[in-house]
Amino acid sequence: MSLLLFDVLLCGLLLALALASVLSRQLSHAVILYIAFGLLMALTWARLAAPDLALAEAAIGAGLTGALCFTALARQGKLAASPTLSWQQRCWPALFVLVTLFGLLLLVLQLPAKPGPLPALVMQQLAASGVSHPVTAVLLNFRSWDTLLELLVLLLALLGTLQVAPAPVYQSSWVLSRSWSQLLAPLIIVLAGYLLWAGAHQPGGAFQAGALLAAGAVVLKLNHQLNWLAWRNIWVRFFAIAGLTVFVAAVLTAWLLSGALAEPVWLRWPPELAKYIILLIEIFATLAIAITLTLLVVAEQPATPLSLARQEDDEAADG
Amino acid sequence: MVEFSSSLNLFLATAATLVAIGVYGFIVGPEPLRRIVALNIISAGIFMLMVVLAYRSAGPDAVSTLADPVLHALVLTGLVVAVSATAFALALLARLGKTTADRPEEPGP
Amino acid sequence: MSVGGELSVISTLLSSALLLTGLLFFIAGSVAMLRFPDSYSRLHAVTKADSLGLGSIIAGLMFYCNWWQNLLMLLIWLLVLASGTVSCQLLARFCKTKQDQA
């Protein structure tokens, strides 16, 4: 009974925060409410027996997305109150959404309570995957295709962002926030290393470690530290791409190694090597995710004349 | 057992409602940044639906048996993709704001 | 609570009292954040009440856990204390700078 009470409270808070964020008068309020919503989401994942997601959400949903939205707010400059909408502009969408919600509720509540065959299958094959934590096994062995494409999506998003994002608005930083971020840095590195290591047998892994590292690096970057962490640094570029490259190289190697078999299968690790392959990929993926997410949040212009944004800025400066 | 299934239904309903709230915010806006936030609320609703479906297989005592790891892995991938998409959208938004700010008095059609 | 099955009566009472005190502090802090007039008093209320509230909730939970979990909870409390203090300072400075500019 007490758990149900907790659930009702949690769901009520989530809905209230989401609604308030959508309906609030000021944009800054909407962003702050959304960050609170992200924190409660992390709590919800923990409640729903998904500690991996709770770890990732706490770093990504509440930390990085918040930093992203605040950067966007700072770019917009002076905040005016939102334009008021007429009741017609509010009513018709609301009606449409209510009808959709009714249909969704009907559908969702009809979902069968029995789980599909996949969890049992994962548990059955877990011993041959090279790791003992099922989520890591799915991410980097059974469905490694997803992870490979996800690294590609991250890289593409970074390349796009570097092309279009205007130069960041730099604020001066206070000594207090600078020294506090420096004090937190070793703690974050230790925690990220632990998460990466723990991922093989308990909640944790490359995504969480990368997101945590990125959150720490963003705080340091906003305080004008870590100046080497920019796209112009060749090593940063190398490691941002290395996640994908190492993954593809591992896939090709495994493919060649299994070439002796009658039917070599794409993206399948040989069971005796799986542990080491996964560890290798995870290390490079962590670094790539950390660097990419950091650069996505504090997007800086690369100092190449090829960049569209840079050219426009130069033109603006000349004219 | 009754408590478990009513919890499950509560979370399923919350996920659907979150999607609905997000869709409403996405339609009504009015600022682009709020639309991006609304899009994130929609994705939170969808992730929640998937996590609740994963939680079904855990059973009433979620400590002893594990939730569906396939769905968890999908949501984990989705979280990272969602944040990178948000970052790209915000970068486009910033560029849009800068472009319109550079040319304030554009002759109307 | 199924975890605290074998606690003595005194420990249960003590832990419940601590948990309730923590909740009271949290509620007081939240109410103060909504009701207080300006940013400085709100910051003051939230930071103080919440760090004390978290402290007493952790003290109340300590009756239920082993020494390792207790140590971790204490470390978390210290981290929250420190970050609360720092962010309170930073926000207050931001408010001051804004006030001076206006």
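Source: prediction; values computed, not measured.

1. Structural notes on the overall build of chain B
Next up, step 1: Check the secondary structure of chain B and you find three helices and zero strands.
Next up, step 2: Ordered by position in the sequence, the α and β elements of chain B form the string α-α-α.
Next up, step 3: Every one of the 109 residues in chain B was classed for burial, and the buried ones make up 56%.
Next up, step 4: Of the contacts made within chain B by residues no fewer than 6 positions apart, 50% connect residues no fewer than 24 positions apart.

2. Regarding the overall build of chain C
Next up, step 1: Across its full length, chain C carries three helices and zero strands.
Next up, step 2: Tracing chain C from N to C terminus, the helices and strands come up as α-α-α.
Next up, step 3: In terms of overall size, chain C is more extended than a compact globule, its C-alpha atoms giving a radius of gyration of 17 Å where 102 residues would be expected to give roughly 13 Å.
Next up, step 4: With the principal axes as the frame, chain C shows a C-alpha extent of 60 × 25 × 15 Å.

3. Thoughts on unusual backbone geometry
Next up, step 1: A positive phi angle, close to 60°, is found at alanine 49 of chain A, a residue other than glycine.
Next up, step 2: Residue placement: alanine 49 of chain A occurs in the loop between helix H2 (27-47) and helix H3 (51-75).

4. What about the environment of glutamine 101 of chain C?
Residues and elements named next belong to chain C.
Next up, step 1: Locating glutamine 101 in the fold gives a position in helix H3 (residues 67-101).
Next up, step 2: Its 6 C-beta neighbours within 10 Å are what place glutamine 101 among the exposed residues.
Next up, step 3: Sequence separation of glutamine 101 and leucine 20 is 81 residues, and the distance between their C-alpha atoms is 43 Å.

5. Some details on the packing of H2 of chain A against helix H2 (residues 32-56) of chain B
Next up, step 1: Contact geometry of H2 of chain A with H2 of chain B gives a least axis separation of 10 Å together with a crossing angle of 10°. Classified by the angle between their axes, H2 of chain A and H2 of chain B sit roughly parallel to one another. You can see that H2 of chain A and H2 of chain B cross each other, and the crossing is left-handed. Across from Leu27, Ala30, Val31, Tyr34, Met41, Thr44 and Trp45 of chain A in H2 of chain A, the residues of H2 of chain B making contact are Leu33, Arg34, Val37, Asn40, Ala44, Met48 and Val51 of chain B.

6. Some words on the confidence of the model for chain B
Next up, step 1: Summing up the model confidence of chain B, the mean pLDDT is 82 and the portion of residues at 70 or higher is 83%.
Next up, step 2: Per-element mean pLDDT across chain B ranges from 86 in helix H3 (residues 69-102) of chain B up to 90 in H2 of chain B.

7. What about the UniProt feature "transmembrane region" (unreviewed entry) in chain C?
Residues and elements named next belong to chain C.
Next up, step 1: As recorded in UniProt, the sites labelled "transmembrane region" (unreviewed entry) are residues 12-34 and 70-92.
Next up, step 2: Here residues 12-34 runs as 100% helix and 0% strand, with 33 Å between its end C-alpha atoms.
Next up, step 3: Secondary structure across residues 70-92 comprises 100% helix and 0% strand; the distance between its end C-alpha atoms is 33 Å.

8. Details of the UniProt feature "transmembrane region" (unreviewed entry) in chain B
Residue and element names in this part refer to chain B.
Next up, step 1: Here, UniProt's "transmembrane region" (unreviewed entry) annotation points to residues 6-29, 36-58 and 70-93.
Next up, step 2: Taken end to end, residues 6-29 is 96% helix and 0% strand, and its two terminal C-alpha atoms sit 34 Å from one another.
Next up, step 3: With 100% helix and 0% strand, residues 70-93 has end C-alpha atoms that lie 34 Å from one another.

9. Here we look at the interface of chain C and chain A
Next up, step 1: If you look at the interface, chain C gives four residues, while chain A gives four residues.
Next up, step 2: Tallied by class, the residues present in the side of chain C that touches chain A amount to two nonpolar, one polar and one charged.

10. Describing the confidence of the model for chain C
Next up, step 1: Confidence in the prediction of chain C, expressed as mean pLDDT, is 86, and 94% of residues score 70 or more.
Next up, step 2: Two summary scores accompany this predicted model of the complex, namely pTM at 0.86 and ipTM at 0.88.

11. Examining the interface of chain B and chain A
Next up, step 1: Across the contact, 71 residues belong to chain B and 78 residues belong to chain A.
Next up, step 2: Mapped onto the side of chain B that touches chain A, the elements with two or more residues apiece are helix H1 (2-28), H2 and H3 of chain B.
Next up, step 3: Per-element accounting of the side of chain B that touches chain A gives the leading share, 26 residues, to H3 of chain B.
Next up, step 4: Here the residues of the side of chain B that touches chain A are counted per class, giving 49 nonpolar, 14 polar and eight charged.

12. Focus on the environment of glycine 29 of chain C
All names here are of chain C.
Next up, step 1: Note that glycine 29 resides in helix H1 (residues 9-35).
Next up, step 2: In this structure glycine 29 comes out as buried when scored by C-beta crowding, with 21 C-beta atoms within 10 Å.
Next up, step 3: For glycine 29 and arginine 42, which are 13 residues apart along the polypeptide, the C-alpha to C-alpha distance reads 8.4 Å.
Next up, step 4: Setting aside residues no more than four positions away along its own chain, glycine 29 makes contact with Ala45, Val46, Ala49, Asp50 and Gly53.

13. Considering helix H1 (residues 2-23) of chain A
Next up, step 1: Over its 22 residues, H1 of chain A runs 31 Å from end to end, which matches the ideal 32 Å to within 8%, given 1.5 Å per residue.
Next up, step 2: Taken together, the buried positions of H1 of chain A are occupied by Asp7, Cys11, Leu14, Leu17, Ala18, Ser21 and Val22 of chain A. Buried residues of H1 of chain A, seen end-on, are gathered within an arc of 130° and therefore sit on one face of the element. Across from the buried face of H1 of chain A, at angles greater than 90 degrees, the exposed residues are Ser2, Leu5, Leu9 and Gly12 of chain A.
Next up, step 3: Lining the buried residues of H1 of chain A we find H2 of chain A together with H1 and H2 of chain B.

14. A word on the nonpolar core
Next up, step 1: With 131 residues, the main nonpolar core has Leu64, Ala211 and Ile289 of chain A together with Val51 and Val52 of chain B as its most contacted residues.
Next up, step 2: For this core, the element with the highest residue contribution is H3 of chain B, accounting for 16 residues.
Next up, step 3: Among the domains, domain 1 (1-76) and domain 2 (133-319) of chain A are the pair contributing at least three residues each to this core.
Next up, step 4: Those residues in contact with valine 51 of chain B that sit more than four places away from it in its chain are Trp45, Leu48, Ala50 and Leu53 of chain A together with Leu71 and Val75 of chain B.

15. Quick look at H2 of chain B
Residues lying three or four places apart along an α-helix face the same way, a consequence of the helix completing one turn every 3.6 residues.
Next up, step 1: Compared with an ideal rise of 1.5 Å per residue, which puts 25 residues at 36 Å, H2 of chain B spans 37 Å between its outermost C-alpha atoms and is within 8% of the ideal.
Next up, step 2: A large share of H2 of chain B lies buried, amounting to 20 of its 25 residues.

16. A short note on the environment of proline 203 of chain A
Residue and element names in this part refer to chain A.
Next up, step 1: Considering the arrangement of structural elements, one finds proline 203 in the loop between helix H8 (175-198) and helix H9 (206-222).
Next up, step 2: Judged by the 19 C-beta atoms lying within 10 Å of it, proline 203 is partly exposed.
Next up, step 3: Along the backbone, proline 203 and leucine 121 are 82 residues apart, and their C-alpha atoms lie at a distance of 20 Å.
Next up, step 4: With residues near it in sequence (within four places) discarded, proline 203 still touches Pro51, Asp52 and Leu55.

The rules behind the values
Residues numbered from 1 in each chain as written. Chains lettered and ligands numbered in written order. Predicted model: local features only at pLDDT ≥ 70, side-chain atom pairs only at ≥ 80, totals over all residues. Helix = DSSP H or I, 4+ residues; strand = E, 2+ residues; numbered from the N terminus. Buried ≥ 20, exposed ≤ 12 C-beta atoms within 10 Å, placed from the backbone. Contact = placed C-beta atoms within 7 Å. Rg over C-alpha atoms; globule rule 2.2 N^0.38 Å. Axes fitted to C-alpha atoms, helices over the stretch in contact; angles between N-to-C directions. Parallel < 35°, antiparallel > 145°, perpendicular 65-115°, else oblique. Left-handed = near helix turned anticlockwise from the far one by under 90°. pLDDT = per-residue confidence, 0-100. UniProt positions renumbered as here; feature names shortened; annotations may be inferred. Nonpolar A, V, L, I, M, F, W, Y, C, P; charged D, E, K, R; others polar. Expected span 1.5 Å × (residues − 1). Arc of directions from axis to C-beta. Core = buried A, V, L, I, M, F, W, Y, C linked by C-beta atoms within 7 Å. Domains from an automatic or database assignment.

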